Amino acid sequence: MNERAGGAAAVVERLKQAKRVLITTHSSPDGDAIGSELAMAELVEALGRQALVVNRDRQPANLGFLPGLHRVRVGAPPPHELAEGFDLGVVLDCPDLDRTGIDGLARLPLVDIDHHLGNALFGEVNLVDEEAPAVGELVLEIVAAAGVTLTPAMATNLHVALVTDTGDFRYANATPRAFRAAARLVEAGADPQLVAQQLWEQVPPRVVRLTAAVLSTLALELDGRVAVVHCDRAMLEAAGARPEDTEDLVNHARAVAGVEVAVFLKAFTGEAVRVSLRSRGRVDVQEVAAGLGGGGHREAAGCTLAAPLERARQAVVEAVAGALERA
Ligand SMILES: [Mn+2]
């Protein structure tokens, strides 16, 4: 569903009607999620309103350099605090309210800004555009519609949003629209070299150790077309790592020659397995994830299975086998 027509202007009008704006995103936030939030917070303040960014989970280690990150409050606030403290919520990069991991958001009037397939359109205003390369690109349009000057900090945050969601402009969503947005952001002060160094060349030793452990679990299934890796609590602890350190590891599995789908199984709680799926393009992993109760995009999707690791692995490989046959 495309609700772009008038969308950016409608968002600006709604922001102007608010006094105190809560900004949030999906749990386990990525670069698009947090970059978009921080730029949105600056925009809200440029419009003379108050803004607070609240996320259920902390950021991946490589996003610690984002300008203004210190202002993000981590941990779900009690529901009554939401209704009392704010008169508007802005939910970014999140297809439904459950995935924020924050209870009670529905008590607030909401603005829904997203690019996921199947967004639930839960906002009073919905700016949902599945063709947007990143939510950061939609935020850029909103900033422009507001007539607010892009600061270097906003440009950097939105550039990080674009870079992370397009895989350094290598995925199918690296469209002319993505490059046009990038040009505007670099003109406004984003530094691509600095961002790339911060994102990809400041890897903490614990993440290198965890990467080695996770990649050592590599198993190739279905004639080498599916790569499966996993990580459990003991592996995390042995590496001295945290759950958010696993964020990008699935991409190593997708890079194996001949692999069409990579599967990353994360068993951190003993009760549920979080599954990340990545496709090289031919197989629609969003469909696979949706069949297992999750969602996402064609090339990057996920779900959570209430099963032990081995059973989760079998269920996912079976579902991927079906998708490979249909593709
Ligand atoms: Mn996104």
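In case you missed it, the structure is sitting above this.
Regarding the overall build of the chain
No. 1: Within the chain, the secondary structure is distributed over twelve helices and twelve strands.
No. 2: Radius of gyration (C-alpha) of the chain: 19 Å, near the 20 Å computed for a compact globule of 327 residues.
No. 3: With the C-alpha coordinates aligned to their principal axes, the bounding extent of the chain is approximately 55 × 40 × 40 Å.
No. 4: Counting over 327 residues, the chain shows a buried share of 53%.

Observations regarding the sheet that holds strand β8 (residues 226-232)
By way of backbone hydrogen bonds, the strands of a sheet pair with one another, either parallel or antiparallel.
No. 1: Taking strand neighbours across the sheet as the criterion, the six strands line up as β7-β8-β9-β10-β12-β11 in an open arrangement whose pairing is mixed. Bordering the open sheet on either side are β7 (219-221) and β11 (295-296), each of which pairs with just one other strand.
No. 2: By the bridge criterion, six bridges tie strand β9 (residues 261-267) to strand β10 (residues 273-279) in an arrangement that is antiparallel. If you follow L265 over to β10, its bridge partner there is V275.

A short note on the environment of G136
No. 1: Topologically, G136 is positioned in helix α4 (residues 135-146).
No. 2: Overall, the relative accessible area of 2% leaves G136 in the buried class.
No. 3: The sequence separation of G136 and A262 amounts to 126 residues, and the corresponding C-alpha distance is 26 Å.
No. 4: Apart from residues no more than four positions distant in its own chain, G136 is found in contact with D32, S36, L158 and A161.

Examining the coordination of the manganese ion
No. 1: Here the manganese ion is held by D32 (OD), D93 (OD), H115 (NE2) and D165 (OD), and the distances to it run 2.1 to 2.4 Å.
No. 2: Positions of the donor residues of the manganese ion, expressed as sequence spacing, correspond to D-x60-D-x21-H-x49-D. On the criterion of sequence distance, the pair formed by D93 in the loop between β4 (88-92) and β5 (110-114) and D165 in helix α5 (residues 152-165) is long-range, its members being 72 residues apart.
No. 3: A residue is classified by how much of its surface remains accessible, and D165, at 15% relative accessible area, is buried.

About the cut-offs
- Residues numbered from 1 in each chain as written.
- Predicted model: local features only at pLDDT ≥ 70, side-chain atom pairs only at ≥ 80, totals over all residues.
- Heavy atoms only, no water.
- Helix = DSSP H or I, 4+ residues; strand = E, 2+ residues; numbered from the N terminus.
- Rg over C-alpha atoms; globule rule 2.2 N^0.38 Å.
- Buried < 20%, exposed > 50% of the residue type's maximum accessible area, 1.4 Å probe, protein only.
- Pairing = 2+ DSSP bridges.
- Contact = heavy atoms within 4.5 Å.
- Donors = N, O, S within 2.8 Å, 3.2 Å for Na, K, Ca; no water.

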